[in-house]
Structures are given as structure tokens and as C-alpha cells.
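# Coordinate analysis (summary)
Okay, here's what each chain looks like letter by letter:
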Amino acid sequence: MARDMRTPSAPADGYAALGAETLLRIHAVMVKARALEERLIKMSKSGDGFFWIGGPGEEAFNAALGLQVKKGQGTAYDYLHLHYRSSAIALAMGMPVVDALRQMRNVAADPFSKGRNFVNHLAIPQLNIVPMSSTIETQYATAIGTGIAHARDGGDAITIVNGGDGGTAEGDFHSCLVWANRPALPLPILIVVANNGWAISVAEDTQHGEKNISDWGKVFGMPAKTIDGNDPVESWLAIAELMSYCRTQRRPALLEAKLSRLYGHSSSSGANRIPEPDCIALFEARLLERKLATKEQLEKTWRENLAEVDAAHQRVKAEPLPKAESIWEDVFADGLPQSYPRNGGSF
Ligand SMILES: Cc1ncc(C[n+]2csc(CCOP(=O)(O)OP(=O)(O)O)c2C)c(N)n1
Ligand SMILES: [Mg+2]
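So, here's what we can say about the structure.

So, how was this worked out
- Along every chain, residues carry numbers that run from 1 in the direction the sequence is written.
- The naming scheme follows written order: chains are lettered A onward, ligands numbered 1 onward.
- Selection of residues for local features in this predicted model requires a pLDDT of at least 70, selection of side-chain atom pairs for listing and counting requires 80 or more, and totals for whole chains, interfaces and linings are taken over all residues.
- Under the scheme used here, helices are H or I runs from DSSP no shorter than 4 residues and strands are E runs no shorter than 2 residues, and both carry numbers assigned from the N terminus.
- Between the two quantities, the radius of gyration covers C-alpha atoms and the globule rule is 2.2 Å times the number of residues to the power 0.38.
- Exposure in this text rests on C-beta crowding, where 20 or more other C-beta atoms within 10 Å of a residue's own make it buried, 12 or fewer make it exposed, and counts in between make it partly exposed. The C-beta atoms are placed from the backbone.
- By definition, residue pairs are in contact when their C-beta atoms, positioned from the backbone, come within 7 Å.
- Only the C-beta atom matters for this test: placed from the backbone, it must lie within 6 Å of a molecule or strand for the residue to be near it.
- Here the nonpolar group is Ala, Val, Leu, Ile, Met, Phe, Trp, Tyr, Cys and Pro; Asp, Glu, Lys and Arg are the charged ones; every other residue, Gly included, is treated as polar.
- Helices are assigned an expected span. That span is 1.5 Å times one less than the residue count.
- Between any two strands, pairing holds if DSSP finds at least two bridges.
- In this analysis, axes come from line fits to C-alpha atoms, helices being fitted only over the stretch in contact, and the angle between any two N-to-C directions falls in the range 0 to 180 degrees.
- Take the buried Ala, Val, Leu, Ile, Met, Phe, Trp, Tyr and Cys residues, join any whose C-beta atoms are within 7 Å, and the set you get is a nonpolar core.
- Place the viewer so that the strands point away; then a crossover is right-handed whenever the path from the first strand over the helix to the second strand goes clockwise.
- For this classification, under 35 degrees means roughly parallel, over 145 means roughly antiparallel, 65 to 115 means roughly perpendicular, and everything else is oblique.
- Crossings are assigned a handedness: left-handed for a near helix turned anticlockwise from the far helix by less than a right angle, right-handed for a clockwise turn.

## What about the overall build of the protein?
The helix and strand inventory of the protein stands at 9 helices and 7 strands. Here the C-alpha radius of gyration of the protein, 20 Å, is about what a compact globule of 347 residues would show, namely 20 Å. Dimensions along the principal axes, computed over C-alpha positions, put the protein at roughly 60 × 55 × 40 Å. Counting all 347 residues of the protein, 45% fall into the buried class. Residue pairs in contact within the protein that sit at least 24 positions apart in sequence constitute 74% of those at least 6 positions apart.

Listed below in C-alpha cells is the structure:
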């Protein structure tokens, strides 16, 4: 079914507001993410991995988000509850490409799951990126937990949760809205929905009675927006505005980003290129049009990132798989300090 992809151009002054340096930083993250994802797809098709799912098409929005995170470890920093299309967010925050390739090849050096989870199921304690789950939408429920921690701690750190449009039909998304908006303890959560118009093979317009997913925000009177997530400038400005609201007001906001799904759902549906708008091609055309970059500059970014991914792949090919005896490692978390309930906490 044909889909209206809505790709209006960002406000002209958005480019001036961000400036060439930030725009090229965003572009570099987008290119890195695409180079990584296309290599992951290749690996899944050439016996160097078993399955692929990932984020080609989400680079514009995700780069703009990842670069604005207050990153670090602990409640003084943002917590992120992401999903399997979030690679560009993690790359923007400093995840090395080699780590994603390690998880694809399921080698023991995979720092997220020691070679035992699907690709793009990240877990990075140093960046407050909590372990991702293959069950969709459950991250909106776990986000309530760090949202409560952030609400109690004060400061300016927030919880960020992102997932797909299809999953918003599930209870976890609505639990997050309800918990984040309780008058007794509002939660500083930026609730993001990456709306690619599909849940595997089910089209969004056959399932959603609401006009926009962001309309759910009206029930709570919370700030809520639907934006063109294929446009990094529009994305950056909307994220900046809603993040600032969550940080300063200590309350939630809802952001729906309409974007492309450039290689279908996963390797299970073939992972072949789909003719939807490509955020990188669109962005590069605008950068060139506005003379904010030269063709040579953009090509250099591609060359460098493709070379980095290639070198990382060669390295991972030589790394060993996990040993069978390690199968029970990290299954249970022993010896955690008692942290719930805590004195003075109110529900
Ligand atoms: C709880 C749960 N139900 C069903 C599935 C099977 N499943 C995996 S991905 C997916 C579609 C998700 O669509 P959406 O939320 O729009 O995210 P997208 O993949 O489009 O980014 C489904 C139904 C699952 N993983 N978890
Ligand atoms: Mg979807």
C-alpha cells in the first residue's frame, strides 16, 4: 500500500540556527550508521551472522536525538530505553561500530550479550543504555522505573524511550503515558515513537483509529508533536524543544517521528532496498544546495566511514565464538544491593 511519506523541507532558518558544524556532525553520524547497517545486512546474507534487524531510514531522527543526549552513567545522566532500530542513537553517543559487528557475528567479545543475542540488541551501562528486549514495546514500561528515579533525584537528566508505531497498540505504551502523567509524581520522560508506517507486514493505516499517534498526548494535556523524522533539522529542533521541556519542567513529552524503513522489517522479509525517501540523500542535497558542504567533503565522510566499518569487520572475523561452558554466565544477577523500596520515595 502506498504511503504518504510527508517530507516537507525543514524551516529555512533551521539550517542557520544549527550551523554548518552541527549539520556536518549529524551527517557524519548518519553516514556511519548507514555504512554499519548495510554491512550488517551483508553479513547476514553471507554467512557472517544469522539474522538482521536494524535502523536504515531512521538515521536523521536518531542522529539528531543521540547527539543531544546528556550522556553518562547513573541518574545524573539520561537513561535510554531503545529498540532494535536505534543504532544511530548509540553511534551518536559514541558506541564503537566494531561492537555492533561483534553482536552480529555472535563472538565472545560482543560487549552487549557476549555473543548470545540478536544484532542491534544493545546494552551499554556506561551510557545508561539499558538492555534492549526483542519483545516490542516493553521498554515503555521499564522507562517508568528510570523515570521515577529521575523524578526523585531532581537535576536535569531525563529518561528517553523509543519504539515503533505498531507497538503503541500494546498496553506498555499506554502504561508509560499514564505513569508519566500522574499528578502525584510526574515523570521527566521523552516518549518517542518512530513511526515507519509498518509493523512487519501490517500497514499503520489499517490499525490506527487515531489520526496521529501523538494525539494520545491530548488526553493528558502534555506537549506532543508529530514531525518529519526524515529531516534531521526538523528532528533536531523538535527534540531540543521537548527535551528542554522535560529537563526543566520535570514532566513528560510525546514525540512521533514519521520516517522510512529502507530495507523492510528484517532479514526475515529479505532485507532488500525499498524505494522510500532516503534521509541521507535528501539531507546531502540540501547541504549542497545551501553550500554548507562540498561534494568532496561528503564523499570523504562516506569513504572514511566505509573504511572504518570494513576494518572492524575484518577484525571481528578473527575473533572467537563464546565457549559452551559460558552459557550460564550472567543469567542471574547475584548480589545486587537492596534498592527498592527506598526511604522517602513516594508512589
Ligand atoms: C510483544 C511482542 N509481540 C509481537 C512481536 C513480534 N514482532 C516483532 S517486530 C514487530 C512489529 C513491530 O512494529 P513497530 O512497533 O511498528 O516497530 P518497527 O519494527 O516497525 O520499527 C512484531 C509484531 C514481538 N517481538 N513482541
Ligand atoms: Mg513500525
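## Let's talk about the site of ligand 1
If you check the shell around ligand 1, you find 14 residues, and the closest are Thr 135, Gly 164, Gly 166, Gly 167 and Ala 199. Residue assignment for the shell around ligand 1 shows that the elements contributing at least two residues are β2 (159-164) and β4 (198-199). Its residues assigned to classes, the shell around ligand 1 comprises 4 nonpolar, 8 polar and 2 charged.

## Brief notes about helix α5 (residues 138-153)
The end-to-end C-alpha separation of α5 is 24 Å, in line with the 22 Å expected for 16 residues at 1.5 Å each. Gln 139, Tyr 140, Ala 143, Ile 144, Thr 146, Gly 147, Ile 148, His 150 and Ala 151 are the residues of α5 that are buried. Those residues of α5 that are buried lie in contact with β1 (79-81), β2, α6 (171-180) and β3 (189-195). At the exit of α5 stands Gly 154, carrying a positive phi of roughly 70°.

## Notes on the sheet that holds β1
Taken together, 5 strands build an open sheet; the order of strands is β1-β2-β3-β7-β6 and the sheet is parallel. Pairing within the sheet leaves two strands with one partner each, and these edge strands are β1 and β6 (224-228). Neighbour-to-neighbour, the strand axes of this sheet turn through a mean angle of 15°, independent of strand direction. Of the pairings in the sheet, the one linking β2 to β3 comprises 6 bridges and is parallel in character. Note on β3: the bridge partner recorded for Thr 159 is Ile 189.

## Comments concerning the nonpolar core
Of all hydrophobic cores here, the largest spans 90 residues; its most connected members are Met 30, Ala 63, Cys 176, Ile 189, Leu 190, Ile 191 and Leu 255. Counting residues per element, this core draws most heavily on helix α1 (residues 12-45), which supplies 12 residues.

## So, the pairing of strand β7 (residues 253-258)
The buried fraction of β7 amounts to 6 of the 6 residues, a majority that puts the element mostly inside the structure. Along β7, one buried face is formed by Ala 253, Leu 255 and Ala 257 and the opposite face, lined by Leu 254, Glu 256 and Lys 258, is buried too. With 6 bridges joining them, β3 and β7 adopt parallel strand pairing. Its bridge partner lying in β7, Val 193 is registered against Glu 256. Between the parallel elements β6 and β7, the chain passes through helix α7 (residues 232-249) in a crossover that is right-handed.

## Let's talk about the packing of α5 against α6
α6 packs onto α5 with a crossing angle of 25° between their chain directions and a minimal axis gap of 6 Å. Between α5 and α6, the angle is such that the two are roughly parallel. The chirality of how α5 crosses α6 is left-handed. Along its contact with α5, which presents Thr 138, Tyr 140, Ala 141, Ala 143, Ile 144 and Gly 147, the element α6 presents Asp 172, Phe 173, Ser 175, Cys 176, Trp 179 and Ala 180. Its residues assigned to classes, the contact of α5 with α6 shows 8 nonpolar, 3 polar and 1 charged.

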